[in-house]
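In case you want the letters, here they are:
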Amino acid sequence: MKLKALKGFKDILPDEAALWQDVERVARQIFHRFGYREIRVPILENTGLFARSIGETTDIVEKEMYSFVDRNGKSLTMRPEGTASVLRAFIEHNLHAERPVQKLYTMGPMFRHERPQKGRLRQFHQMSVEALGADQPEIDAEIIAMASMLISELGLDVSLEINSLGCPKCRPNFNQALLDFLAQSKDSLCPDCERRRYKNPLRVLDCKNKNCQEHYVNAPSILDHLCPECAAHFQTVELCLNALDIKYKVNSFMVRGLDYYTRTTFELLTNDLGAQGAVGAGGR
């Protein structure tokens, strides 16, 4: 039997590892410049941590997590993303007692069982930052600016898209408008969207089915349903980005693949990775 790496997993050989070290060095310099400190979290967590925080109707939880039952009967999962683990550590170790705002970053491998393709592997590496305890819109703009600075210093050509997902106060009105839209065209929905429109209507906008994507171009915009507080928050984020001369496009259909986001979301996109063009993303 020929020994080779598993499908979707990749060796990082010495010549390439030097490039990774350069990227990580530049990232750490920028993160430290903005006051972020490193935290290192485990690769394995209780499955419930991700199911509750990411959302049970997301593609990640429904289809992509590497989960197994250990010898003690516990369901464990190899982390598919970093935020849930950082928040778990933040709560478990009472980090909120140290300072009113905690700025943290982490780097490491993540795992999702999805179809390997250009720019996407089943073990992929992610660096992420978390600003915990800050509710001002300026911190959203700061994180976007920090991401843009990192991308710029690495010499990548990307475009920035932003959106607001509202809050628990204004989201129900949008969900109802979206439900009304979906009811008129339920025969055009894929099986996943047909099921999700009852459990979590917002999730349908993240569908990867080409027919669904084309159909949702005519869906209602969440920006038309923001409460005054969320509208003001998003306006301030835009004002800050304009003041920093950061170019962006508003994409009212960008919802991200995880349920924990509220208000600001963003993606940094490139045309150099095929269909998987996001090299950076996040939000509140």
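The coordinates are above.
Just so it is clear, the model here is predicted, and its values are computed rather than measured.

Draft legend 1. Expanded view of the sheet that holds strand S6 (residues 123-132). Spatial strand order, S1-S5-S6: three strands in an open sheet with mixed pairing. Edge positions in the sheet fall to strand S1 (37-38) and S6, since each of these pairs with one other strand and no more. Note that strand S5 (residues 102-111) and S6 share ten bridges and pair antiparallel. The residue bridging Pro109 from the neighbouring strand is His125, located in S6. The strands that helix H1 (residues 14-33) touches are S1, S5 and S6; relative to S5, the one it contacts most, it runs at about 160°. Strand contacts of helix H5 (residues 137-153): S5 and S6, with the helix running at about 145° to S6, the strand carrying the most contacts.

Draft legend 2. Quick look at the packing of H5 against helix H9 (residues 228-243). H9 packs onto H5 with a crossing angle of 40° between their chain directions and a minimal axis gap of 8 Å. Viewed along their axes, H5 and H9 adopt a mutual orientation that is oblique. Crossing geometry of H5 relative to H9 is assigned as right-handed. Contact with H5, carried on its side by Pro137, Glu138, Asp140, Ala141 and Ile144, involves His233, Thr236, Val237, Cys240 and Leu241 of H9 and no other residues of that element. Here the residues of the contact of H5 with H9 sort into six nonpolar, two polar and two charged.

Draft legend 3. Region of interest: the side chain of Gln102. Mapped onto the fold, Gln102 is located in strand S5. A polar contact is formed between the side chain of Gln102 and the side chain of Glu98, at a distance of 3.3 Å. When sequence neighbours within four positions are dropped, the list of residues in contact with Gln102 reads Arg37, Phe90, Leu95, Glu130, Ala131 and Leu132.

Draft legend 4. Inspection of the sheet that holds strand S2 (residues 44-46) at higher detail. Read across the open sheet, the three strands follow the order S2-S4-S3; overall the sheet is antiparallel. For this open sheet the edge positions go to S2 and strand S3 (66-69), each flanked by a neighbour on one side alone. Across the sheet, the mean angle from the axis of one strand to that of its neighbour is 35°, orientation sign disregarded. Helix H2 (residues 47-54) contacts S2, S3 and strand S4 (75-78) of the sheet and is inclined by roughly 75° relative to S2.

Draft legend 5. Up close: the packing of H1 against H5. At a minimum axis separation of 10 Å, H1 and H5 run at an interaxial angle of 150°. Here H1 lies roughly antiparallel to H5, going by the angle between them. Between H1 and H5 the crossing geometry is right-handed. In this structure, H1 contributes Val26, Ala27, Ile30, Phe31 and Arg33 to the contact, and H5 contributes Met146, Met149, Leu150 and Glu153. Its residues assigned to classes, the contact of H1 with H5 comprises seven nonpolar, no polar and two charged.

Criteria and cut-off values
Residues numbered from 1 in each chain as written. Predicted model: local features only at pLDDT ≥ 70, side-chain atom pairs only at ≥ 80, totals over all residues. Heavy atoms only, no water. Pairing = 2+ DSSP bridges. Helix = DSSP H or I, 4+ residues; strand = E, 2+ residues; numbered from the N terminus. Contact = heavy atoms within 4.5 Å. Axes fitted to C-alpha atoms, helices over the stretch in contact; angles between N-to-C directions. Parallel < 35°, antiparallel > 145°, perpendicular 65-115°, else oblique. Left-handed = near helix turned anticlockwise from the far one by under 90°. Nonpolar A, V, L, I, M, F, W, Y, C, P; charged D, E, K, R; others polar. Polar contact = N/O pair within 3.5 Å; in protein donor to acceptor, adjacent residues only side chain to side chain.

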